[in-house]
Amino acid sequence: MTRLLLALPLVWLLGCGEEDSPGSGDPTQVTYAPALGVDLAAMQRLDSGLYLQDKTEGTGAVAVSGRPVTVHYTGWLPNGSQFDSSRNRTPFSFTPGRGDVIAGWEQGIPGMKVGGVRRLVLPSSLGYGNRSVGAIPPQSVLVFDVELISIP
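Rules of the game
Residues numbered from 1 in each chain as written. Predicted model: local features only at pLDDT ≥ 70, side-chain atom pairs only at ≥ 80, totals over all residues. Heavy atoms only, no water. Helix = DSSP H or I, 4+ residues; strand = E, 2+ residues; numbered from the N terminus. Buried < 20%, exposed > 50% of the residue type's maximum accessible area, 1.4 Å probe, protein only. Areas by Shrake-Rupley, 256 points an atom, 1.4 Å probe, with all protein chains shown as cover. Core = buried A, V, L, I, M, F, W, Y, C linked by side-chain atoms within 4.5 Å. Contact = heavy atoms within 4.5 Å. pLDDT = per-residue confidence, 0-100. Pairing = 2+ DSSP bridges.

**A look at the overall build of the chain**
Link 1 in the chain: Within the chain one finds two helices and seven strands.
Link 2 in the chain: The proportion of buried residues among the 152 residues of the chain is 46%.
Link 3 in the chain: Summed over its atoms, the accessible surface of the chain is roughly 7100 Å², and 52% of this surface lies on carbon and sulfur atoms.

If you want it as structure tokens, here you go:
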């Protein structure tokens with residue numbers, strides 16, 4: 001399976017400066033598959049439109065911008081289609097704050113504690129915007145469960 005997150009820096013750079021069309025890619029305007037258990041009302045909403053919720057509170061070190069992290073993740077479209085997961089591969093490592101990943105991850109990972117699992121619901125503007133990437137159509141809201149494995 002292609003490591004979609006490795007392609008994120010390029011996709012993010014290609015998408016810079018593009019505006020989403022009004023009302024598209026809004027997490028409040030899509031229907032979520034019941035199996036995902038997304039409840040936006042129970043989640044924290046950031047000013048950027050990112051929704052986040054700690055499913056499991058970690059007990060280890062706190063992720064901060066500029067310090068590498070290693071995570072396992074699974075990503076879904078709102079209809080319940082899984083588009084990627086690191087669960088059957090090596091965990092994914094990156095450094096928040098360097099622009100190596102999509103904006104939703106840049107905003108959603110800092111503050112997590114090692115051992116924690118966080119649900120992120122990204123508006124399309126914090127994901128791939130107008131771009132289609134693999135199984136992800138343009139203007140897609142994305143749902144991720146991210147587990148913080150370590151902070152090396």
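**Comments concerning the nonpolar core**
Link 1 in the chain: With 27 residues, the main nonpolar core has Trp 105, Ile 109, Leu 120, Leu 142, Phe 144 and Val 146 as its most contacted residues.
Link 2 in the chain: The set of elements that each furnish at least two residues to this core consists of strand S3 (69-76), strand S5 (92-94), helix H2 (103-108), strand S6 (117-122) and strand S7 (142-150).
Link 3 in the chain: What Val 146 contacts, discounting residues up to four positions off in sequence, is Val 71, His 72, Tyr 73, Trp 105, Ile 109, Met 112, Gly 116, Val 117, Arg 118 and Leu 120.
Link 4 in the chain: Ala 33, Met 43, Val 141 and Val 143 belong to the second-largest nonpolar core, a separate cluster that totals 11 residues.

**Remarks on the confidence of the model for the chain**
Link 1 in the chain: Averaged over all residues, the pLDDT of the chain is 88; the fraction at 70 or higher stands at 84%.
Link 2 in the chain: For the stretch residues 1-23, pLDDT sits under 50, and the model shows 45 contacts to residues farther than four places along the chain or on other chains.

**Here's the deal with the pairing of strand S4 (residues 82-85)**
Link 1 in the chain: In this sheet, S4 lies alongside S3 in antiparallel orientation, the contact comprising three bridges. Directly across from Trp 76, in S4, lies its bridge partner Gln 82.
Link 2 in the chain: What sits between the antiparallel neighbours S3 and S4 is a turn of five residues, in which Gly 80 has the positive phi angle 95°.

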